[in-house]
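Each chain, written out:
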Amino acid sequence: MDTPTPQQLQVTIAQLDQALYNHEQWYKNVTRVLILRMPPEVPDLMPDAHRRCRFGQWYETLSEVFLKEHPTFVSLGPVHETMHISARVLLQRVADGLPISAEDFDRFNNLLDNMRLEFQALRHELAEMVQNRDPLTGARNRASLLAYLREQQALVERGVQVCSIAMVDLDHFKRVNDEHGHAAGDAVLVATVKCLQALVRQYDRIYRYGGEEFLICMPGITLEQARNAAERMRVAIADQGVPYGKDQSLRVTASFGVASITQSRSVEDCIACADKAMYAAKAAGRNCVSVEP
């Protein structure tokens, strides 16, 4: 799963703003052509006009995988193409010296409004992602954690799904900072989240819960399945070498506590159960997985 960093999100929002500005400039030129009955630009009359405008060029050549897979971004493509098809009808009428019907003109403007709504929705979603991300690791922060877990608990209560959570704490993390410096500690945190992201499913969520503590929400899997998933994550963290400095690497381990989201206790109590299990893993020697009793 490709999860963007806050920095990537900020850059993408800036690119999106520039792309829309370019499209608004295109719209002004089209309006000028329609009002003054000037010759249209040749690219606007082509069947692939939606790929030739500057917005379309940006949309088609975007390299950020996380955005290309975003549902709102995907839906923006057909809306933009349909709007250009409508614009081409109007511009061709101008080129042929024919009148434009009110119906065709209104259709074009309605489609343009739809595109702007899709754009604003996408920008809003990206801005929310920035707000809800930990700036260092790119994991979600705690701002929306309880609300999301309550949504999952409501699904559990209705019998729609099961849901499990895991509390993850890096072992002896203070020692990393003390012996190697905070830059090395930051590198370990970033590497840990990347390691976890490579193993969780697309709809699992990783939250930075504390300094070196993370909470993973895993909808749709049982306690035993979550234990197995946590074990895979534990092994992956222990096996990775975190590069830092010049030709140096660090190895860290993590302790996992796994619990279920149930209807018989509050979300806060479910988190406390996972936390208690994680401390049991610490007491058992660290670098292991413990499941709520």
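What comes next concerns the included structure. Here the structure is a predicted model, which is why all the values come from computation and not from measurement. (Residues numbered from 1 in each chain as written. Predicted model: local features only at pLDDT ≥ 70, side-chain atom pairs only at ≥ 80, totals over all residues. Heavy atoms only, no water.)

**Some remarks on the overall build of the protein**
For step 1, the next point in the chain: Each helix and strand counted, the protein has 11 helices and seven strands in total.
For step 2, the next point in the chain: Dimensions of the protein along its principal axes, counting C-alpha atoms only, are 85 × 55 × 25 Å.
For step 3, the next point in the chain: Within the protein, buried positions represent 45% of all 293 residues.
For step 4, the next point in the chain: Intrachain contacts of the protein at a sequence separation of at least 6 include 70% that bridge at least 24 residues.
For step 5, the next point in the chain: Accessible surface, the protein as shown: approximately 14,800 Å² in total, 52% of it carbon and sulfur.
For step 6, the next point in the chain: Distance between charge centroids for the protein: 2 Å, based on 32 positive and 37 negative side chains. (Helix = DSSP H or I, 4+ residues; strand = E, 2+ residues; numbered from the N terminus. Buried < 20%, exposed > 50% of the residue type's maximum accessible area, 1.4 Å probe, protein only. Contact = heavy atoms within 4.5 Å. Areas by Shrake-Rupley, 256 points an atom, 1.4 Å probe, with all protein chains shown as cover. Lys, Arg positive; Asp, Glu negative; His and termini not counted. Charge placed at Lys NZ, Arg CZ, Asp CG, Glu CD.)

**Some thoughts on the pairing of strand 3 (residues 213–219)**
For step 1, the next point in the chain: A large share of strand 3 lies buried, amounting to seven of its seven residues.
For step 2, the next point in the chain: Across the two faces of strand 3 the burial is the same, with Glu213, Leu215, Cys217 and Pro219 and Phe214, Ile216 and Met218 all buried.
For step 3, the next point in the chain: One ladder, built from seven bridges, connects strand 1 (residues 163–170) with strand 3; its direction is antiparallel. Across the sheet, residue Ser164 finds its bridge partner in strand 3, namely Met218.
For step 4, the next point in the chain: One ladder, built from four bridges, connects strand 2 (residues 205–208) with strand 3; its direction is antiparallel. (Pairing = 2+ DSSP bridges.)

**Observations concerning the nonpolar core**
For step 1, the next point in the chain: By size, the foremost hydrophobic cluster in this structure holds 34 residues, and its most contacted members are Trp26, Phe55, Trp58, Leu67, Phe108 and Leu126.
For step 2, the next point in the chain: Secondary structure elements with two or more residues in this core: helix 1 (6–36), helix 3 (54–61), helix 4 (65–68), helix 5 (71–95) and helix 6 (102–131).
For step 3, the next point in the chain: The element that contributes the greatest number of residues to this core is helix 1, accounting for 10 residues.
For step 4, the next point in the chain: If near-sequence neighbours (up to four positions away) are discounted, Leu126 is found in contact with Leu9, Thr12, Ile13, Leu16, Phe66 and Leu67. (Core = buried A, V, L, I, M, F, W, Y, C linked by side-chain atoms within 4.5 Å.)

**Here's the deal with helix 6**
For step 1, the next point in the chain: An ideal rise of 1.5 Å per residue puts 44 Å on 30 residues; helix 6 measures up with 43 Å between its terminal C-alpha atoms.
For step 2, the next point in the chain: Among all positions of helix 6, only Phe108, Asn109, Leu111, Leu112, Met115, Phe119, Leu122, Leu126, Met129 and Val130 are buried.
For step 3, the next point in the chain: Buried residues belonging to helix 6 abut helix 1, helix 3, helix 4 and helix 5. (Expected span 1.5 Å × (residues − 1).)

**Details of the packing of aromatic side chains**
For step 1, the next point in the chain: With the rule as written, the count across this model stands at four aromatic pairs.
For step 2, the next point in the chain: A centroid spacing of 6.0 Å and a plane angle of 85° characterise the contact between Trp58 and Phe73, whose relative ring orientation is edge-to-face. Of this pair, Trp58 sits in helix 3 while Phe73 sits in helix 5, and the two are 15 residues apart along the sequence. No difference in accessibility class separates Trp58 from Phe73, as the two residues are buried.
For step 3, the next point in the chain: Looking at Arg116, its charged tip hangs above the ring of Tyr27, at a distance of 5.1 Å from the centre. (Phe/Tyr/Trp six-rings, centres within 6.5 Å; stacked < 30°, edge-to-face > 60°. Lys NZ or Arg CZ within 6 Å of the ring centre and 35° of its normal.)

**Notes on helix 3**
For step 1, the next point in the chain: All of the buried residues along helix 3 are Phe55, Gly56, Trp58 and Tyr59. Down the axis, helix 3 shows its buried residues gathered within 160° of arc, on one side only. Counted as exposed and oriented over 90 degrees from the buried face of helix 3: Arg54 and Thr61.
For step 2, the next point in the chain: Looking at the buried side of helix 3, the elements it contacts are helix 1, helix 2 (49–52), helix 4, helix 5 and helix 6. (Arc of directions from axis to C-beta.)

**Re the sheet that holds strand 1**
Hydrogen bonds along the backbone pair up the strands of a sheet, which may run parallel or antiparallel.
For step 1, the next point in the chain: The strand order 2-3-1-6-7 describes an open sheet built from five strands, whose pairing is mixed. Strands at the two margins of the open sheet, each flanked by one partner only, are strand 2 and strand 7 (289–291). For this sheet, the mean inter-axis angle between neighbouring strands, taken without regard to orientation, is 20°.
For step 2, the next point in the chain: The strands that helix 11 (residues 267–283) touches are strand 1, strand 3, strand 6 (254–260) and strand 7; relative to strand 6, the one it contacts most, it runs at about 145°. (Axes fitted to C-alpha atoms, helices over the stretch in contact; angles between N-to-C directions.)

**What to know about the environment of Asp275**
For step 1, the next point in the chain: Locating Asp275 in the fold gives a position in helix 11.
For step 2, the next point in the chain: Taking relative accessible area as the criterion, Asp275 reaches 23% and is therefore assigned partly exposed.
For step 3, the next point in the chain: On a C-alpha basis, the gap between Asp275 and Val168 in space is 8.5 Å, while along the polypeptide they are 107 residues apart.
For step 4, the next point in the chain: Once residues lying within four places of it in the same chain are set aside, the contact partners of Asp275 are Met167 and Glu213.

**A short note on unusual backbone geometry**
For step 1, the next point in the chain: Of note, the phi angle at His172 is positive, near 55°, even though the residue is not glycine.
For step 2, the next point in the chain: Residue position: His172 is located in the loop between strand 1 and helix 8 (173–180).
For step 3, the next point in the chain: The exposure class assigned to His172 is partly exposed, which follows from its relative accessible area of 37%.
For step 4, the next point in the chain: Positive phi, normally seen in glycine, also occurs at Arg286, with a value near 70°.
For step 5, the next point in the chain: Looking at the secondary structure, you find Arg286 in the loop between helix 11 and strand 7.
For step 6, the next point in the chain: Residue classification places Arg286 among the partly exposed positions, given a relative accessible area of 34%.

These figures capture arrangement, not role.
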